[in-house]
There are 2 protein chains.
Amino acid sequence: LGGWQARNAAATLPHCVDQLAAYGNLDNLRRVTGDADAPYAGMWFADTDVYKTLEAAAWELGRSGGSAEFLTDVAALLEKAQDPDGYLNSYYQVDHRDRQWTDLGFSHEMYAAGHLIQAAVAAARAAPQVLASQQVVAVARRFADLLVRRFGPEGTEAVDGHPEVETALVELYRLTGHRPYLDQARRLVDLRGYGRLGPGRFGPRYWQDDTPIRDQTEVTGHAVRQQYLLAGAVDVAVETGDNDLLAAVERLWRSALTTRTYLTGGQGSRHKDEGFGDAYELPPDRAYAETCAAIGSFHTAWRLLLATGKAHYADELERVLYNGIAASTAVDGRAFFYTNPLQLRTGHDGSHEDTPSQRLSWYSCACCPPNLARLMASLHAYAATGDAGGLQLHLYAAGRIAGHGRVVEVRTDYPWNERIAIVLTEAADGPWTLALRVPGWCRDARVTLNGWPVRVAAEEGYLRLSRTWQAGDQVELVLAMPPRMVAAHPRVDAVRGSVALARGPVVYCVEHADLPAALAGALFEDLELDATEPLRLVTSDGLAPVTIGVPLRARAAPPDGLYSSCHQPGQGRPGAQPARPGSTPTATVAAIPYFLWANRAAEPMRIWIPLATPAG
Amino acid sequence: LGGWQARNAAATLPHCVDQLAAYGNLDNLRRVTGDADAPYAGMWFADTDVYKTLEAAAWELGRSGGSAEFLTDVAALLEKAQDPDGYLNSYYQVDHRDRQWTDLGFSHEMYAAGHLIQAAVAAARAAPQVLASQQVVAVARRFADLLVRRFGPEGTEAVDGHPEVETALVELYRLTGHRPYLDQARRLVDLRGYGRLGPGRFGPRYWQDDTPIRDQTEVTGHAVRQQYLLAGAVDVAVETGDNDLLAAVERLWRSALTTRTYLTGGQGSRHKDEGFGDAYELPPDRAYAETCAAIGSFHTAWRLLLATGKAHYADELERVLYNGIAASTAVDGRAFFYTNPLQLRTGHDGSHEDTPSQRLSWYSCACCPPNLARLMASLHAYAATGDAGGLQLHLYAAGRIAGHGRVVEVRTDYPWNERIAIVLTEAADGPWTLALRVPGWCRDARVTLNGWPVRVAAEEGYLRLSRTWQAGDQVELVLAMPPRMVAAHPRVDAVRGSVALARGPVVYCVEHADLPAALAGALFEDLELDATEPLRLVTSDGLAPVTIGVPLRARAAPPDGLYSSCHQPGQGRPGAQPARPGSTPTATVAAIPYFLWANRAAEPMRIWIPLATPAG
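Residues numbered from 1 in each chain as written. Chains lettered and ligands numbered in written order. Predicted model: local features only at pLDDT ≥ 70, side-chain atom pairs only at ≥ 80, totals over all residues. Heavy atoms only, no water.

### What to know about the overall build of chain A
Within chain A, the regular secondary structure consists of 15 helices and 21 strands. By the compact-globule yardstick of 25 Å for 616 residues, chain A fits well, its C-alpha radius of gyration being 25 Å. A principal-axis box enclosing the C-alpha atoms of chain A has dimensions of 80 × 65 × 45 Å. Evaluated residue by residue, chain A yields a buried proportion of 63% over its 616 residues. When contacts within chain A are restricted to residue pairs at least 6 apart in sequence, long-range pairs at least 24 apart make up 70% of them. Looking at chain A as shown, the accessible area adds up to about 20900 Å², and 50% of this sits on carbon and sulfur atoms. Computing the positive centroid from 57 side-chain charges and the negative centroid from 70, chain A places the two 4 Å apart. (Helix = DSSP H or I, 4+ residues; strand = E, 2+ residues; numbered from the N terminus. Rg over C-alpha atoms; globule rule 2.2 N^0.38 Å. Buried < 20%, exposed > 50% of the residue type's maximum accessible area, 1.4 Å probe, protein only. Contact = heavy atoms within 4.5 Å. Areas by Shrake-Rupley, 256 points an atom, 1.4 Å probe, with all protein chains shown as cover. Lys, Arg positive; Asp, Glu negative; His and termini not counted. Charge placed at Lys NZ, Arg CZ, Asp CG, Glu CD.)

### Notes on the environment of A:Gln208
Residue and element names in this part refer to chain A. When you line up the elements, Gln 208 lands in the loop between α9 (179-191) and α10 (223-240). For the pair Gln 208 and Ala 11, spaced 197 residues apart in the sequence, the C-alpha separation amounts to 36 Å. The residues touching Gln 208, leaving out its near neighbours within four places in the chain, are Pro 163, Arg 192, Gly 193, Gln 216, Thr 220, Gly 221, His 222, Arg 225, Gln 226 and Leu 229. At a separation of 2.8 Å, a polar atom in the side chain of Gln 208 contacts the main-chain carbonyl oxygen of Thr 220. (Polar contact = N/O pair within 3.5 Å; in protein donor to acceptor, adjacent residues only side chain to side chain.)

### Details of the interface of chain A and chain B
If you look at the interface, chain A gives 81 residues, while chain B gives 81 residues. Each partner contributes to the roughly 6600 Å² buried at the junction of chain A and chain B, and carbon and sulfur atoms together form 54% of this total. Across the chain A-chain B interface, the total number found is 12 salt bridges. For B:Asp493, the salt bridge is made with A:Arg345, and the minimal N-O distance between the two is 2.9 Å. Viewed at the interface, chain B and chain A are joined by 24 residue pairs in polar contact (both at pLDDT 80 or more). If you tally residues by element for the side of chain A that touches chain B, the top one is strand β12 (residues 484-488) of chain A, at 5 residues. Judged from the 4 bridges that link them, β12(A) and strand β18 (residues 563-566) of chain B form a sheet pairing that is antiparallel. (Buried area = accessible area lost by both parts, 1.4 Å probe. Salt bridge = Lys/Arg side-chain N within 4 Å of Asp/Glu carboxyl O. Pairing = 2+ DSSP bridges.)

### Brief notes about the sheet that holds strand β8 (residues 445-449) of chain B
Residue and element names in this part refer to chain B. Read from one edge to the other, the open sheet built from 6 strands follows the order β4-β5-β6-β11-β8-β9, with strand pairing classed as antiparallel. Edge positions in the sheet fall to β4 (399-403) and β9 (452-454), since each of these pairs with one other strand and no more. Neighbour-to-neighbour, the strand axes of the sheet open up by a mean angle of 25°, direction not taken into account. Bridge count between strand β6 (residues 419-426) and strand β11 (residues 474-479): 5 bridges; the pairing is antiparallel. When the sheet's bridge partners are listed, Val 423 is paired in β11 with Gln 474. (Axes fitted to C-alpha atoms, helices over the stretch in contact; angles between N-to-C directions.)

### Focus: the pattern of salt bridges
Residues and elements named next belong to chain A. Inspection of the entire model under this criterion finds 86 salt bridges over all chains. Arg 270 serves as the salt-bridge partner of Glu 281, at 2.8 Å between the closest nitrogen and oxygen. Pair noted here: Glu 281 is in the loop between α11 (243-259) and α12 (291-308) and Arg 270 is in the loop between α11 and α12, with a separation of 11 residues, a long-range link. By the burial criterion, Glu 281 is buried, and Arg 270 matches it. Connected through shared salt-bridge partners, Arg 125, Glu 171, Arg 174, Asp 235, Glu 239 and Arg 303 make up one network.

### Considering the packing of helix α3 (residues 47-64) of chain B against helix α6 (residues 109-126) of chain B
Residue and element names in this part refer to chain B. Direction vectors running N to C along α3 and α6 enclose 15°, while the axes themselves pass 8 Å from each other. With respect to α6, the element α3 is oriented roughly parallel. Judged by the sense of rotation from one axis to the other, the crossing of α3 with α6 is left-handed. Contacts between α3 and α6 pair Thr 48, Tyr 51, Lys 52, Leu 54, Glu 55, Ala 58, Trp 59, Leu 61 and Gly 62 from the former with Tyr 111, Ala 112, His 115, Leu 116, Gln 118, Ala 119, Ala 122, Ala 123, Arg 125 and Ala 126 from the latter. Per-class residue counts for the contact of α3 with α6 are 12 nonpolar, 4 polar and 3 charged. (Parallel < 35°, antiparallel > 145°, perpendicular 65-115°, else oblique. Left-handed = near helix turned anticlockwise from the far one by under 90°. Nonpolar A, V, L, I, M, F, W, Y, C, P; charged D, E, K, R; others polar.)

### Thoughts on the domain arrangement of chain A
Its domain assignment divides chain A into domain 1 (1-191), domain 2 (403-479) and domain 3 (484-560 + 573-610). For domain 1 of chain A versus domain 3 of chain A, the separation of C-alpha centres amounts to 44 Å. (Domains from an automatic or database assignment.)

### Focus on the packing of aromatic side chains
Residues and elements named next belong to chain B. Under the definition given, this model contains 52 aromatic pairs over all chains. Residues Phe 106 and Tyr 206 carry aromatic rings whose centres are separated by 6.2 Å and whose planes lie at 40° to one another, so their mutual orientation is tilted. With Phe 106 in the loop between α5 (90-93) and α6 and Tyr 206 in the loop between α9 (179-191) and α10 (223-240), the pair connects residues that are 100 residues apart, well separated along the chain. For the pair shown, Phe 106 and Tyr 206 are each scored as buried. With 4.8 Å between their ring centres and 75° between their planes, Phe 298 and Tyr 382 make a pair best called edge-to-face. Here the residue Phe 298 occupies a position in helix α12 (residues 291-308), and Tyr 382 occupies one in the loop between α14 (368-377) and β2 (384-387), the gap between them amounting to 84 residues. When sorted by exposure, Phe 298 lands in the same class as Tyr 382, which is buried. (Phe/Tyr/Trp six-rings, centres within 6.5 Å; stacked < 30°, edge-to-face > 60°.)

### A closer look at the relation of the copies chain A and chain B
Note on the identical chains: chain A maps onto chain B by a rotation of 180° and an axial translation of 0.0 Å, with an RMSD of 0.0 Å. What the superposition gives is, in effect, a two-fold axis relating one chain to the other. Taken together, the interface assignments show that 100% of the residues at the interface of chain A recur at the interface of chain B, consistent with an identical surface on both copies. (Least-squares fit on C-alpha atoms with pLDDT ≥ 70 in both.)

### Here's the deal with the layout of surface pockets
Residues and elements named next belong to chain A. If you add up the space inside the second largest pocket, you get close to 1100 Å³. Lining the second largest pocket are 41 residues, with Trp 302, Ser 378, His 380, Ala 381 and Tyr 382 sitting closest to its centre. In terms of residue class, the lining of the second largest pocket is built from 21 nonpolar, 11 polar and 9 charged. (1 Å grid on protein atoms, 1.4 Å probe; cavity = no way out; pocket = protein on both sides within 12 Å on 5 of 7 lines; lining within 4 Å. Points joined across faces, edges and corners; volume = space filled by probe spheres on them.)

### Re the pairing of strand β7 (residues 431-437) of chain B
All names here are of chain B. Of all the 7 residues making up β7, 5 are buried; the element is thus mostly covered by neighbouring parts of the structure. Summarising the sheet, β7 and strand β10 (residues 462-468) pair through 7 bridges and their orientation is antiparallel. Bridge pairing in β10 links Trp 432 to Arg 467.

### Looking at the packing of helix α11 (residues 243-259) of chain B against α12(B)
Residues and elements named next belong to chain B. Between α11 and α12, the shortest axis-to-axis distance is 11 Å and the interhelical angle comes to 130°. The orientation of α11 with respect to α12, classified from their angle, is oblique. α12 is crossed by α11, and the crossing has left-handed handedness. Contact residues: α11 offers Leu 246, Val 249, Glu 250 and Trp 253, while α12 offers Ser 297, Thr 300, Ala 301, Leu 304, Ala 307 and Thr 308.

### Considering the state of the cysteines
Scanning the entire structure with this criterion turns up 0 disulfides over all chains. As a non-bridged cysteine, B:Cys367 has B:Cys292 as the owner of its nearest cysteine sulfur, 3.7 Å distant. (Disulfide = S-S within 2.5 Å.)

### A short note on α9(A)
Residues and elements named next belong to chain A. A rise of 1.5 Å per residue sets the reference length of α9, with its 13 residues, at 18 Å; its end C-alpha atoms lie 18 Å apart and thus fit the reference within 8%. Looking at α9, one finds that the buried residues are Tyr 181, Leu 182, Gln 184, Ala 185, Arg 187, Leu 188, Val 189 and Leu 191. On its buried face, α9 is in contact with α6 (109-126), α7 (131-151), α8 (165-176), α10 and α11. At the C-terminal side of α9, Gly 193 shows a positive phi close to 110°. (Expected span 1.5 Å × (residues − 1).)

### Focus: the nonpolar core
Within the largest apolar cluster, 216 residues are counted, with the highest numbers of intra-cluster contacts made by B:Ile325, B:Leu393, B:Leu436, B:Leu501, B:Leu529 and B:Ile607. With 13 residues, α6(B) is the single largest residue contributor to this core. What B:Leu529 contacts, discounting residues up to four positions off in sequence, is B:Met485, B:Val499, B:Leu501, B:Val550, B:Pro551, B:Leu552, B:Ile609, B:Pro610, B:Leu611 and B:Ala612. By size, the runner-up hydrophobic cluster in this structure holds 215 residues, among which are A:Ala46, A:Ala287, A:Leu479 and A:Leu535. (Core = buried A, V, L, I, M, F, W, Y, C linked by side-chain atoms within 4.5 Å.)

### Considering unusual backbone geometry
A cis amide bond, omega 5°, links A:Tyr414 with the succeeding residue A:Pro415. Mapped onto the fold, A:Pro415 is located in the loop between β5 (406-412) and β6 (419-426). One non-glycine residue, B:Glu274, lies in positive phi territory at about 50°. We classify B:Glu274 as buried; its relative accessible area is 17%. Positive phi outside glycine occurs at B:Asn450, with the angle close to 50°.

Below you can see the structure in the form of C-alpha cells.
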C-alpha cells in the first residue's frame, strides 16, 4: 500500500493537477473571477474534480510534506470565486445564474458543495499549518451555512440527486462542532425517498428517492449514489446515536454483498444507468463496476467497521481495495479505468470510452482519477484503529502505526508474502490488546510471540493478544494463502460452470499475453480449466510478483452455429463438451493479479474461467 | 399468421392510430400547416410513427379492404405540410428551420423521408384505387427528388446517421422506374464508412460509419441501423447486379448469425447504445433484442432469400417471426415490448420503460408498435414466392397462395400441428415444381401426394415436387416437431450450463405462473432442469395450445454468500451443486411459447434453464 501511495504522490496526483489545467477545470473557476474568458469546459460538475484533487493534495501534504502550491493557489481562487452569500459553482455562476438550485436532480450543486467541504476537512486535518487550509475551511463553511439557510429547517425541503454532501456535512460538524451541519446531514438523509426529485431520466430508484432509506430493503439505482448515501447515513447514525438508521445501512450493505457485488468488490452491473441492476445480475463482460462505486463501497465499509467493529467490513475493505479499486490504475499511475470489467473478449470494440480495452489518461466525465488520488493519499488512515483497550490492525502493509502512546512497526510483503512481522517499538504502560484481523478467506492463521507459538483462536475475525507489552516484543502472523478456486452462487447465471482464481485477498485473471506457445493459436474464448490438475504458485520478476500456474486447455470449437439441438434427452448431457480430438493438451498458464491486467497490449482477459465439463 | 394479421387489423393498427392522436404526432404536422398550435410533442423523429402507421394502413387496405379514412386524411395533411421544395419534417419546419440538414448524424431527416417513401410505395401497391395513394406517392417523390438534388452527384456527399432511406429509394425506383432514386440509394451505401458522420455519442461504429460495408467483416453498432443498412444494401446489390456488395451483406449476415444473435432471433446485446456488442456477448437478462431490430433482421433475411434462394434465410425469417418479433405484442394486440429479454428475475425492477416487466401500451420512443403494425399488415407477402418454374412455400400458414396461374390452398395449424395440407385448386398447364421448405430444425420431413408417400429428399432446404399438377391434387407435408433441448455454443458465456426448450420454430420458456404447488415455494432462480427425465408435449386450452412438460427441481440454495472457495482442486468439481437434502423432488412444469410470456401477472421468466449438475 505504501508503494501505491508513493506512486500516487509521484504520478497520479501531479497528473490530475496537470489535467485540471489542460481540460479547463481551473479556467472555469477563473471565468467567475474574471481571470479567464474561455468558454466553460467539461461537465457541469467539473468543479468537483478540482475539489477532489485539492483533497488529495491536502492529504498528501500531511502524509509526505512537499509543496503546498496547489492548495494555496486553489484556496485563493475559490475564495475569490465564491459569491458573497457563500454560493460557489462555476457552471452556474457565469452562464446559468438563473438556473441555480432549479434542477436539484441533476445539477450536482450540493454534491459539489460536499466535495468542497471534504477538501476543506482534509486540509484542516492534514495541513493545519498551511494558511490556505483555513482559507478553504472558511469557503466551505460559508457554502455549508448557505445550504443550512436555504435547505435547513427554515428553508426548502429538498435533496440533491447525487448524495455526497451528507457525509461531508458530518465531517464538517466533527471538525467544527457546529451542530447545524449534522442536523442538515440528517435532514437530507431523512427527506430522501419520497419522490421529491421526480422520475428523472431513469426513474426515482436511480437516485434512491423512491423509498426512505429506513424502509429500503435492497440497494438500488446508481451505484455511486447508493454508496455515498450509505456512507453519509452511517455518519449521521453514529453522531446522532440512531441505531435504527445504522441497522438500515447494515441491512442494505448485506443486500449489496449477497446479491449485487462482483468478486472484485466492484458494484454496478449496468452501463445504461451505472446502476446495480437486479439481484444476481452480475455479468463479468458488461460489469460496470465503476471505480467511484468501489471507492464509495470502501468508504461505507470503513464507516461500518468503525461503527460496529465487525471484521467482515474490514474483509470487504481489503477485497475492494486490492481488486475493484486497484485495477483502475495503470502501473505508471497515469491512466485509469472508469469501468472495471471482469472479462474482455477477443475482438472487443474498445473504441469508446464507455468500454475501453485499456486505461485512458482522462475521461469526459473525469470523476474517477481524482477520486483515486484522494483515496490513495489518505490510505494509511485506514490500516489500523486504536482505543483505550489497544490497537486493531485491519489492513496489513509495511509501516509504522502509532496511537495512544503505542507504536508498532509492521514489516511485510503482504499480500505477496503470507508473513507479517509486528515489532513493538513503544509499548505504553499496562496491559492492552493487539488485535490482528484474520481475513475471511484465510483458513489457517498462526501467530508467534517472540518466536513462540501462541495458541489463540480468532474471535469474530480478530486474533486478540492481550498482555503488558514490552518494547522489542515481536509478533509474527502467518496468514496461509494457498491459491484457491472460487465458485459463484448458482443464482449468478453469468458465470455458471466457471471458476475464478484467488490468493489471499487478490483475485487473479488470465490474460492473453501469458498464453504459452501451446495455446497461443487458440481462440481465447475456447480456453477452459482442467480441474483435475493442481494450481501452482510461481514467483516472478515480471509484472506480478506472484502468479498462479493454471492448467488450461483449448476446447475444440463445435463446427456449427450458435445453437445446436439435442433431440433425445437421456442421450448424454446436453451442452457437455468433453475433451475431443482437436482439444489441445493441458498447459500451464500464469494467471496474474486482476489489478495488473491491461498493462501490456490491449488483449483478451478473464477472471471467470469455464470448467472443462466432464464427458457426458 | 392469419390470426396475427386479424389481430393487427382489429387491435394494433387502430391502437396506433389512436396513439398518434393522443401523443401529438398528427398535431406536430398540423403545426406546420397552421392547423394546430400545441408545442411540438415527442421525439424529433415523431413523424416516422405517422409514416409507419400510414404504411400499415395501406397494406391493410389492400389485404382486407375497409376504410381508407386514415390514409386519405394523412395524405392531405402531408401534402399541405410539405414545403414547396419537397422538404417535410414537422420538427424542423416550425421551431428549428435553421437546423435543417445540419445534424445528419442524429436528425433522422433522411430516415424519416425513407419511412414516408415506404408508406407511399405501400399505398401505391396495396391501394392503387384510392386517390390518396397517388397523393402520398407525389409527396414522397417530391421529397425523394429533393434528396437527389441536395445529396446526389450534383450535391453534398453525406449520409444519414440512421439508414432506412436506402431501401426506400430502391423501392421507389421499382415503383417508378426513375433511375436517380436507385443511384441515390447506391450512393448512400457507398459513401458510408468514411467517418463523415463524426464520432457522435457512441463512436463511428454506432452508425456503421467506421468502415465501408464492402470491407466490414462483422456487424457492429446499433442493431437497427445495421439491419436497415443491410436490407438497403441487398436492394441496391440486386438492382445493380453488384455481386460484391451482395457477398458483403451475406458475410455480415453470417457474422451476425454465428456470433451475435439470440436463440429468439433477437439482436442487440446492449442497452447503452442499443448495439450488437462483442462476439458471443449474449446475456439473456440484459438482452436488448429490440423489436425493430428483429423486424430489420426479418426484412434483410427476406431480401437475402429472394436474392440467393438459400433456405437458411427463410429459416431465420421463421425463427425471428415466431420468437423475437411475436414476443413483442400482447395477446390483445395493444401492448408491446420494445426490448425483448430472454430472462426476467425475481424482484426485477420493471419501473422504467427501458426494462419493463410487462408490455407497455406506448413508449416515449414509439418506433416499435407501428413498425409491428406495418409488418403484420404485409405478412402474407412473405409466405411464398412464385416464378416460371413453380411455387416456393417458405412460411407455413393457412391460406390461399396464387401466382402465375397457379393457386394452392394451405390448411394447417402450424406451428402447433406438424401437418400441412396443400390442395391444388388451380394447377396451370404443363409441369412445374412445388417447393416446400424443410426448416433447419426439422430432422424428419415426410410428404405424401394424394395419400401416397413420396420418396424425395430435401435439396438445399426444399422438398421439390415436380409434375404436371391437376386441380384437386393434395400434398401433405409432415414436419416432425418433437420437443427438443437446445444448447448454446460454449463461447456464449452467459448461458453456459443451461439449455433451452423448443418445438418446431417456437422457442419455449418457463414462466413463474406455471409452477406447480411442489415448486411454488422455491425461488425461481433456484430451478434447474433434471435432464434424466424426458420432455413431454401437452395440448392445452389455455394461453398456449401446446406446452412442453419440463422436469424441474429446485436446488437447495447454498447458505453462504455470493462466492465460496474451493481450496483443494481434485476434491470434487468446484461449483458442482449435486442434489442434496433440501432440493425438491422433480416436478413437471408446463413451459409456454416464449412469445406468449408476460400475458399474465408480471412474473419471473426464463428461456435458458440451468442443468442440474451431476454430483461432483
